[in-house]
2 protein chains.
Amino acid sequence: MKNQTTPHIKKLVIIGVGLIGGSFALALRQAGMVQHITGIGRNPENMQRALEQRVIDEISDNYATALIDADLLFLAMPVGQTELIMARISPHLEPNTIITDAGSTKQDVIISALKHLTIHNIANFIPGHPIAGTEQSGVTAAQVNLFKDKHVVLTPLEQTNPEALEIVCQLWQACGAKISTMHADEHDQILAITSHLPHVLAFTMMHYLHHSTNDPSNLLRFAGSGFRDFTRIAGSSPEMWRDICLANRDELLKQIKTYNTELKAVQALLEQKDQTGLEQVFQQAQTIRQNWYN
Amino acid sequence: MKNQTTPHIKKLVIIGVGLIGGSFALALRQAGMVQHITGIGRNPENMQRALEQRVIDEISDNYATALIDADLLFLAMPVGQTELIMARISPHLEPNTIITDAGSTKQDVIISALKHLTIHNIANFIPGHPIAGTEQSGVTAAQVNLFKDKHVVLTPLEQTNPEALEIVCQLWQACGAKISTMHADEHDQILAITSHLPHVLAFTMMHYLHHSTNDPSNLLRFAGSGFRDFTRIAGSSPEMWRDICLANRDELLKQIKTYNTELKAVQALLEQKDQTGLEQVFQQAQTIRQNWYN
């Protein structure tokens, strides 16, 4: 496959033309790898903006016609809609259309795909997750360089067609991304820790302010850059994160509980005025943070 | 006091010439409000760097001589050292020296001051907290604009000399800061929520990775910008944060417990697969975050 020529996508169909879908379109277009982009989405205003900004070439609300001759179908809607969309596209998918997605959870997306897609379509389905994004959503947040130097995790199945996998790899590489492949369950476990749990903690922090006996605006007046960065992800789409949390529910619940045990341990050190213990926890935390990112 | 001329500090003494102490020196120097700066600190390398970078004019390790003719004494060491430093400086403080500090907690600093300082010195002591900083520490992290447009909270006492308060206000304003005054207990309550709790949560997150059954480096390889920002403050000084947590222990413990109750509520929504409830929490969190900072 290494010597294969760069893929050229005559027709790309994107379902969900938001931050991720829009950025994928912009990046592939800039790389000269795509000819025509059809967008499908729920929000007419957002779709109109996507058309005006030339992120897509046409808007469609008809899966049957949109999917005719599609070389690539990119699913970039909130993961909670996967089941519905899989059921809707399935009757219209051509056998050679390569399908990939951008869902933040992978096991649930695969379950939906296995339930609704034909054996032939499943072979050309490459589950994927670009680990990139901002707390903003919608096509206006799309950026041509969103995926540059970011990780994209692909979680191919046993029955995955290696040629389809190779093409999806090349497309992401054209967006500037670094590709990793792993099993879907490993992906979901890792992301529960490094993404889903922090989002829950940040949302909880902001919700907590909302319920605080103090006036939130008075509290926030004196909040500094630490609080700003800590809570940035609480500005993320509530629908998208509701879906992610429910899609990866079991693993996320496990992580919330384990985190809570850790928090209780820190609480106990504080209750016991254990200076050494407290400093040790903070020291280990600082070391691992600094070794990772400086 | 409004018509008073801009204060000119002939001799400024800074105890703890790190991020905060160093930035204060740089900003006052740039504003032309200080003539000579004497620095006192524990770490000889850091002090040498402060001297080489012209943040201070001289290094001293002798409180008795350093405090002679000091117009202003700025305490910018970790709050855990306050007790020790107050005891050490007290015998050498001149009655007209204005004293202020940068401690992230205020009630404990005031208790130390009341215990060690004379009535005359207490009148010229202005407890303060510049809400500015980065996760970095040491004089190399100091920035001339660190306090620009940042809040500085002053928590004067009943016996505070209004002229001393006014001078400290003017100095902070010269650094570009916005001044608020409030009671020390209100300060400590607010900061427990918006600063101390998030630090504990972020440190706990990184410590949790350290203890995870997964290899932390494998986890972190796939951590994105959300995780990066959420955990930035876990790169902060362990000693400083140990001290802050212990200094504001009662209030912080209260906040950890209340936060935990909120987290349990989110956990319950997830356990019950309560889509609406979960989205509502995230929605309220997102709204309050977006209304605050966009």
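Just above, that's the structure.
Just so it is clear, the model here is predicted, and its values are computed rather than measured.

S.K.: Whenever I open this one, the overall build of chain A confuses me. Can you help?
M.R.: Across its full length, chain A holds 13 helices and 9 strands. Taking 19 Å as the expected radius of gyration for a compact globule of 294 residues, we find that chain A reaches 21 Å, a close match to that expectation. Its C-alpha atoms give chain A principal-axis dimensions of roughly 65 × 40 × 35 Å. Accessible surface computed for chain A: about 11,900 Å², of which carbon and sulfur atoms make up 48%. Separation between the mean location of the 23 positive side-chain charges and that of the 29 negative ones in chain A comes to 4 Å.

S.K.: What is the right way to read the relation of the copies chain B and chain A from this model?
M.R.: The two chain copies are related to each other by a rotation about an axis together with a translation along it. You can overlay chain B on chain A at an RMSD of 0.0 Å; the transform is a turn of 180 degrees with a shift of 0.0 Å along its axis. Between the two chains, the operation in question is that of a two-fold axis. No C-alpha of chain B approaches the rotation axis more nearly than that of Phe 230 of chain B, which lies at 2.0 Å. Of all interface residues in chain B, 100% are interface residues in chain A too; the two copies therefore contact each other through one and the same surface.

S.K.: Explain the interface of chain B and chain A here, please?
M.R.: Quite often, the size of an interface is put as the accessible area lost when its parts meet. Taken together, the contact pairs 85 residues of chain B with 85 residues of chain A. Carbon and sulfur atoms make up 67% of the area that chain B and chain A hide from each other, which totals about 8,800 Å². Counting across the interface, chain B meets chain A through 6 salt bridges. Across the salt bridge formed by Lys 257 of chain A and Glu 271 of chain B, the nearest N and O atoms sit 3.5 Å from each other. Our count for the contact surface shared by chain B and chain A stands at 35 residue pairs in polar contact (both at pLDDT 80 or more). Mapped onto the side of chain B that touches chain A, the elements with two or more residues apiece are strand 8 (151–154), helix 8 (184–211), helix 9 (216–221), helix 10 (225–230), helix 11 (238–247), helix 12 (249–271) and helix 13 (275–292) of chain B. In terms of residue count, helix 8 of chain B provides more of the side of chain B that touches chain A than any other element does, 19 residues in total. Here the side of chain B that touches chain A is composed, by residue class, of 42 nonpolar, 28 polar and 15 charged.

S.K.: Quick question: what am I supposed to make of the pattern of salt bridges here?
M.R.: Once their charged atoms are close, side chains differing in charge can pair, the charge on each being opposite to the other. Enumeration according to the criterion identifies 28 salt bridges over all chains in this entry. Between Asp 229 of chain B and Arg 232 of chain A there is a salt bridge; the shortest N-O distance is 2.6 Å. Of this pair, Asp 229 of chain B sits in helix 10 while Arg 232 of chain A sits in the loop between helix 10 (225–230) and helix 11 (238–247), placing the two residues on different chains. Grouping residues by exposure puts Asp 229 of chain B and Arg 232 of chain A together as buried. Each member of the salt-bridge network shares a partner with another, and the members are Arg 29, Arg 54 and Asp 57 of chain A.

S.K.: Can you walk me through the pairing of strand 9 (residues 178–181) of chain A in this structure?
M.R.: Residues and elements named next belong to chain A. Relative to strand 9, strand 8 (residues 151–154) is paired through 4 bridges, and the arrangement is parallel. Across the sheet, residue Leu 154 finds its bridge partner in strand 9, namely Thr 181. Chirality of the crossover, the property in question, places the unit of strand 8, helix 7 (residues 162–174) and strand 9 among those that are right-handed.

S.K.: Just checking my understanding: could you explain the packing of helix 8 (residues 184–211) of chain A against helix 12 of chain B for this structure?
M.R.: Any two packed helices are characterised by how steeply their axes cross, that is the angle between the axes, and by the distance between the axes. Contact geometry of helix 8 of chain A with helix 12 of chain B gives a least axis separation of 9 Å together with a crossing angle of 115 degrees. When the interaxial angle is binned, helix 8 of chain A and helix 12 of chain B end up roughly perpendicular. Judged by the sense of rotation from one axis to the other, the crossing of helix 8 of chain A with helix 12 of chain B is right-handed. Between helix 8 of chain A, through Val 200, Leu 201, Thr 204, Met 205, His 207, Tyr 208 and His 211 of chain A, and helix 12 of chain B, the contact on the second element is made entirely by Gln 255, Thr 258, Tyr 259, Glu 262, Leu 263 and Val 266 of chain B. Classifying every residue of the contact of helix 8 of chain A with helix 12 of chain B gives 7 nonpolar, 5 polar and 1 charged.

S.K.: Explain the sheet that holds strand 7 (residues 128–130) of chain B here, please?
M.R.: Sheet strands pair by backbone hydrogen bonding; their relative direction is either parallel or antiparallel. All names here are of chain B. The 3 strands lie next to each other as 7-8-9, forming an open sheet whose pairing is mixed. Across the chains shown, the open sheet's two edge strands, defined by having one partner strand only, are strand 7 and strand 9 (178–181). Each adjacent strand pair in this sheet contributes to an overall mean axis angle of 20 degrees, direction not counted. For strand 7 and strand 8, the ladder comprises 3 bridges, and the chain directions are antiparallel. Within strand 8, the residue paired with His 129 across the bridge is Val 153.

S.K.: Which parts of the structure should I look at to understand the packing of aromatic side chains?
M.R.: How two aromatic rings sit relative to each other is set out by the distance from centre to centre and by the angle between their planes. Counting across every chain of the model gives 17 aromatic pairs over all chains. Considering the side-chain rings of Phe 24 of chain A and Phe 74 of chain A, the 4.0 Å spacing of their centres and the 25 degrees angle between planes classify their relative orientation as stacked. Highlighted residues: Phe 24 of chain A in helix 1 (residues 19–30) and Phe 74 of chain A in strand 4 (residues 72–75), separated in sequence by 50 residues. Each member of the pair Phe 24 of chain A and Phe 74 of chain A is classed as buried. Considering the side-chain rings of Phe 203 of chain A and Phe 282 of chain B, the 4.2 Å spacing of their centres and the 15 degrees angle between planes classify their relative orientation as stacked. Here Phe 203 of chain A is found in helix 8, whereas its partner Phe 282 of chain B is found in helix 13 on a different chain.

S.K.: Would you explain the nonpolar core in this entry?
M.R.: In summary, soluble globular proteins display a tendency toward joint burial of nonpolar side chains. Core analysis: the biggest nonpolar cluster contains 127 residues, and Ile 89 and Met 205 of chain A together with Ile 89 and Met 205 of chain B have the highest contact counts within it. Dropping the residues within four chain positions of it, Met 205 of chain B is found in contact with Ile 193, Leu 197, Pro 198, Leu 201 and Tyr 259 of chain A together with Phe 227, Phe 230 and Thr 231 of chain B.

S.K.: Hey, could you run me through the side chain of Ser 237 of chain A in this one?
M.R.: Tracing the backbone shows Ser 237 of chain A in the loop between helix 10 and helix 11. In this structure Ser 237 of chain A comes out as buried when scored by relative accessible area, which is 16%. Only 3.1 Å separates the side chain of Ser 237 of chain A from the backbone nitrogen of Met 240 of chain A, close enough to count as a polar contact. Aside from chain neighbours lying at most four places away, what touches Ser 237 of chain A is Glu 135 and Ser 137 of chain A together with Gln 286 of chain B.

Reading the values: rules and limits
- Residues numbered from 1 in each chain as written.
- Chains lettered and ligands numbered in written order.
- Predicted model: local features only at pLDDT ≥ 70, side-chain atom pairs only at ≥ 80, totals over all residues.
- Heavy atoms only, no water.
- Helix = DSSP H or I, 4+ residues; strand = E, 2+ residues; numbered from the N terminus.
- Rg over C-alpha atoms; globule rule 2.2 N^0.38 Å.
- Areas by Shrake-Rupley, 256 points an atom, 1.4 Å probe, with all protein chains shown as cover.
- Lys, Arg positive; Asp, Glu negative; His and termini not counted.
- Charge placed at Lys NZ, Arg CZ, Asp CG, Glu CD.
- Least-squares fit on C-alpha atoms with pLDDT ≥ 70 in both.
- Contact = heavy atoms within 4.5 Å.
- Buried area = accessible area lost by both parts, 1.4 Å probe.
- Salt bridge = Lys/Arg side-chain N within 4 Å of Asp/Glu carboxyl O.
- Polar contact = N/O pair within 3.5 Å; in protein donor to acceptor, adjacent residues only side chain to side chain.
- Nonpolar A, V, L, I, M, F, W, Y, C, P; charged D, E, K, R; others polar.
- Buried < 20%, exposed > 50% of the residue type's maximum accessible area, 1.4 Å probe, protein only.
- Pairing = 2+ DSSP bridges.
- Right-handed = clockwise from strand over helix to strand, strands pointing away.
- Axes fitted to C-alpha atoms, helices over the stretch in contact; angles between N-to-C directions.
- Parallel < 35°, antiparallel > 145°, perpendicular 65-115°, else oblique.
- Left-handed = near helix turned anticlockwise from the far one by under 90°.
- Phe/Tyr/Trp six-rings, centres within 6.5 Å; stacked < 30°, edge-to-face > 60°.
- Core = buried A, V, L, I, M, F, W, Y, C linked by side-chain atoms within 4.5 Å.

Treat this as a map of the structure, not an account of what it does.
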